[in-house]
Amino acid sequence: MAETSIIFSDVNERQGVFSRRVFLMGGVVAFGLFALTGRLAQLQLIEGGKYRRLSSANQFNYRLIPPPRGQILDRNGVVIAGNRPSFSVLVMRSQVKDIDETLDQIAYVLPQTLLRRRAILRDINQSRRFAPTAIATDLNWEDFAKVNLYASTIPGVDVSMDEVRVYHYGGAFSHVIGYVGKISDKDLKAETAAAGDEEQLDPILLHPGFRIGKQGIEKAFDKDLRGVAGARKIEVNATGNIIAEDSDGMRPATPGEDVVLTLDAEIQQRALEVFGEDSGGAVLMNIHTGEVLCMMSAPSFDPNLFVSGISSKAYGLLRDYERLPLLDKCIGSTYAPGSTFKVATALAFLEGGINPEERVVCSGSYRYGNRSFACHKRGGHGPQTMHDAIKNSCDVYFYHMCNRAEAGPDRIAQTARALGMGHVFENFEIAGQKRGTIPDREYKRTAFKNDPKWHPGETLSVAIGQGYVTTSALQLCTYIARIANGQKAVEPYLVKKIGEVEKVPFKDFKDLPFSRAHLDIVRAGMVAVSNDVTGTAYRNSRLNLGNIEMAGKTGTAQVRSYDKVTNRRNEGIPWKLRDHGLFVAFAPADNPKYAIAVIVQHGMGGSMFAAPKAREIMKLALIKDPEMQARIIQPMPVDPNLANAPDQPLTSDAAPEPLDINPSPDAIPPQ
Amino acid sequence: MAESALTRPGQRERYQNKFAQIDWTLCLMMALIAGMGSLVLYSVGGMSWDPWAYDHLFRFGLCFVVMIGLSMINLSIWLSISYWAYGGSLLLLVAVELFGKVKMGAQRWLDIGITDIQPSEFMKLAIVLALARWYHENSAKDANWSWKLLVPIFMILIPFTLVAHQPDLGTAMLILITGVAVMVAAGLNWKAIATAAGAGIVAIPFVFTFVLHDYQAKRITTFLDPESDPSGSGYHILQSKIAMGSGGLLGKGLGLGSQSQLNFLPEKHTDFIMAAVSEELGFVGGASVFLLYGLVIFMALRIAMLSHSHFGRLAVAGAIATFAVYVLINGAMVMGLAPVVGVPMPLLSYGGSVMLTVMVGFGLIQGVKVHRYQELPRQNSIFARFE
């Protein structure tokens, strides 16, 4: 080598440096490998349990099996709300890499999803991370089969076969049983609050096929109807495709309980039918038990629209229609009861010690202070006892009596409340009852800060069911039931049975604080309304069911102030301004069993427009009642004239309408 | 007969003697790692030789032959081609910059007609050779605080910048660390190292904001908090940790690792193979692999110490440093200690080009072992005339 010694020393020196540096490098690498092994030990030996759990959470999935929702049946076992199968396509957002591409692939099979792309994306973005989103529902079998074939090749897409709610009677029950709908954030919050925290929340609530009760019975008995979700334990791979199913991990779903109602589907349908386009509500109940056989609000809507989500356009139409189809007019809205209230007023008079035989001469109007209060009959009714006054619905009689010391607004209010008005029924199953108003001095004091004093003139309005008085159809029906059933404070109820558990009806109703004799007097007045040819509802109360008669009371509640209008007739004025027509009744008149209240919103006269509806509904209830069979089927007394002249053809007057058999048109008062 | 006894001229140049000088223990360790890789590839391939296990073994065999062949090459030839290899690789990197093919958002490949090549792979070895030669011919002492220090620095920074710009941060870092390792091994003084380290730390925020691509920055932020986005960028790290952690002491057994078998583990056959090993073979399997790597590195460093030529020493140190950096970065990455940078586990991961690069490196190492007594003159230094 040609190198100098200096270079040699350099060589030796740099070899020494190199050796030291290599030791260092070796040390660094050894340290690094040691650290890695330590980390491996930490992951595998110390934190192993945690990662084993995570690993099996990755590997195994529980797929919920939604439980079939319990059915809602009528009193005879007819299915009102049932389930039908529905096929849908679900997307699991957490398993989808490119959502647009996935939707494109689905659109290839289901072109209809293209049109809804924007809404689908919005739903997907709003969904919870691990909850699937339904992107197409209610597929027909052919589409379902196609998607089913392709779904396994598109990651994150799944198909499901669920059941969806179906309401067989459409609008007839929509207010009472309500409907189910997609769970809203508000529902979820309420459920979370009820469950304690999010961990406790039933996972079925997040299932896209799950529907929660939104209204009526569906809402009130949601927990019973819901059932318990089952689960399948399945092994999945990273793309969420099912590798295997663990049959040991299968837990079947428990179906929800069936709810049997006191309602009768046929009567309910009949009620909807007789209302036609009219707006209002009808409630029919058993006066002894409180079972509600019919509770129908018209016009109605198809609850099936809400199950899969109603379009905002359709919803807008329902919401904005002036006859308010979404409103339950039986409990959710109150109306001035008008003359139907007079039975309660009369009972208050009797309880206040007024002699029912005392006569008041009706001259057509009543002067109080410097104001004249008109009777509905311009010419006046002449001398009226209480019985006459109820029968004729004579306003002047009630004007005259109501400010007597023993009567007065407080006693009227007390009586009305005892009869079921002015408060909600605590045990009634569905929510949304309105209290209505039964005014007394206390009410005036608290509600009218500017004018807290009760003016005796106001008693006059209250006595005839006007003024501040408002009641719901359910209250009116209960009130008539209490009048009719002897002396019991009956309470209405809707649910007979939940699952196999018979719901104990309220049997031991309290006695009403009225004397039986007084109740008999006002009942007799109601019998006369329908059965005395001069009664206000004689013509429209004819049941034509053997010897079963109805006893009722008409009511016409003014909506506008009559002071300012000269034309008190309802024809030709806007619907909104027409009077409400009301009719309350019980039947049979001699041995009452059913009570009915019908409110026809802006239906003009109670006698002309509400009574015929009540009659038809009541008629069906009586026909369907086996106890009534004997009385209905008994042979009609044969008219000897007809029997003697068999050749004489039946005149058209002999049609089944009872009013044509006993025509006495002159005797029918306009009210 | 001991090697040192072979003193007759030309005797050491006989191939059968050279062949005997190959470090067969090291070869055995490498074969064990590759075999372990093949076993796990067999498992994650669905208990099948297809598609990975057989290929892996075959590639290892082929590269092993290449390694043996390279180990026969005289060190003076390695020395003489080192600048050419470096220059050629640099030209190819520039060509990539100009005419490279863009695949998956990065311009790393060069189409040479037959196949696509990745010049950054060549550079990993070329940088080692070039630096080893430079320090062989120049005294590190001279190059501590003088203009001479700039030569190795630029030798590293030019390819580093080119590769980082492709962008391929993993390989760029590998080139940087390897180069620095050779410089340190050559005797770079601590003051220079400390200055460079200080400058590096100061540069981090600038690199983060101005140099790194969004996805690169995101990888680093994700690494710092992987659970923040479990199905996004943190997914890989989290799934890898779940796979390893759930393996326990003895593992779930070959073919029974739910994370690897059901595809929860990403890149289970390449970058994340260590997670599959740990899941199926447990801590015992994982620690054994690290032990094997440790032995391989230890043996290579021993070879470096044995070499009589400074070039040989530095070349081995550089080559094994590349290897060690692969192992440490990949190991840290799969266990959530480093960002996901796409560095495979050498010999274990499936992948042809890395296998080739690593085995060529071992060819050099074995060559140094075989030619450890060879003295190399310090002539040909382009700087020698100025001394």
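You'll find the structure just up there.
So, here is what we can say about the structure in this document. (Residues numbered from 1 in each chain as written. Chains lettered and ligands numbered in written order. Predicted model: local features only at pLDDT ≥ 70, side-chain atom pairs only at ≥ 80, totals over all residues. Heavy atoms only, no water.)

A few words on the overall build of chain A. Scanning chain A from terminus to terminus reveals 24 helices and 21 strands. Considering chain A as a whole, with its 671 residues, one finds that 52% of them fall into the buried category. Considering only intrachain contacts with a sequence separation of at least 6, the fraction spanning at least 24 residues in chain A is 74%. When the accessible surface of chain A is split by element, carbon and sulfur atoms take 54% of a total near 30,800 Å². (Helix = DSSP H or I, 4+ residues; strand = E, 2+ residues; numbered from the N terminus. Buried < 20%, exposed > 50% of the residue type's maximum accessible area, 1.4 Å probe, protein only. Contact = heavy atoms within 4.5 Å. Areas by Shrake-Rupley, 256 points an atom, 1.4 Å probe, with all protein chains shown as cover.)

On to the side chain of A:E191, then. All names here are of chain A. Summarising the element assignment, E191 is placed in helix α7 (residues 185–195). Only 2.9 Å separates the side chain of E191 from the side chain of R226, close enough to count as a polar contact. Those residues in contact with E191 that lie beyond four places of it in its chain are L201, L205, I212, K223 and R226. (Polar contact = N/O pair within 3.5 Å; in protein donor to acceptor, adjacent residues only side chain to side chain.)

Residues and elements named next belong to chain B. In spatial order, the strands read β1-β2-β3; together these three strands make up an open sheet with antiparallel pairing. Strand pairing shows two members of the sheet lacking a second neighbour, β1 (101–103) and β3 (116–117), which therefore form its edges. Strand direction decides the pairing type here: β1 and strand β2 (residues 106–111), joined by three bridges, are antiparallel. Within β2, the position partnered with V102 by the bridge is Q107. Packing against the sheet, helix α4 (residues 75–99) makes contact with β1, β2 and β3, and its axis sits at approximately 110° to β2. (Pairing = 2+ DSSP bridges. Axes fitted to C-alpha atoms, helices over the stretch in contact; angles between N-to-C directions.)

Next up on the list: the pairing of strand β19 (residues 551–557) of chain A. Residue and element names in this part refer to chain A. The element β19 is extensively covered by neighbouring structure, given that seven of its seven residues are classed as buried. Side chains of β19 alternate between two faces, with A551, K553, G555 and A557 and G552, T554 and T556 buried alike. As paired elements, β19 and strand β20 (residues 580–587) share seven bridges and run antiparallel to each other. By the bridge assignment for β20, A551 is matched with F586.

Glancing now at the interface of chain B and chain A. Counting residues at the interface gives 59 residues for chain B, matched by 41 residues for chain A. Interface of chain B and chain A: buried area, both sides summed, is about 4,200 Å²; carbon and sulfur atoms make up 68% of it. Linking chain B with chain A are zero salt bridges, by the criterion used here. If you look at where chain B meets chain A, you find eight residue pairs in polar contact (both at pLDDT 80 or more). Contributions of two or more residues to the side of chain B that touches chain A are made by α5 (119–137), α7 (169–186), α8 (190–211), α10 (234–247), α11 (258–261), α12 (273–306) and α13 (310–334) of chain B. The element that contributes the greatest number of residues to the side of chain B that touches chain A is α12(B), accounting for 12 residues. Residues that form the side of chain B that touches chain A fall into these classes: 31 nonpolar, 22 polar and six charged. (Buried area = accessible area lost by both parts, 1.4 Å probe. Salt bridge = Lys/Arg side-chain N within 4 Å of Asp/Glu carboxyl O. Nonpolar A, V, L, I, M, F, W, Y, C, P; charged D, E, K, R; others polar.)

Fair warning: the whole summary comes from geometry, so function is off the table for now.
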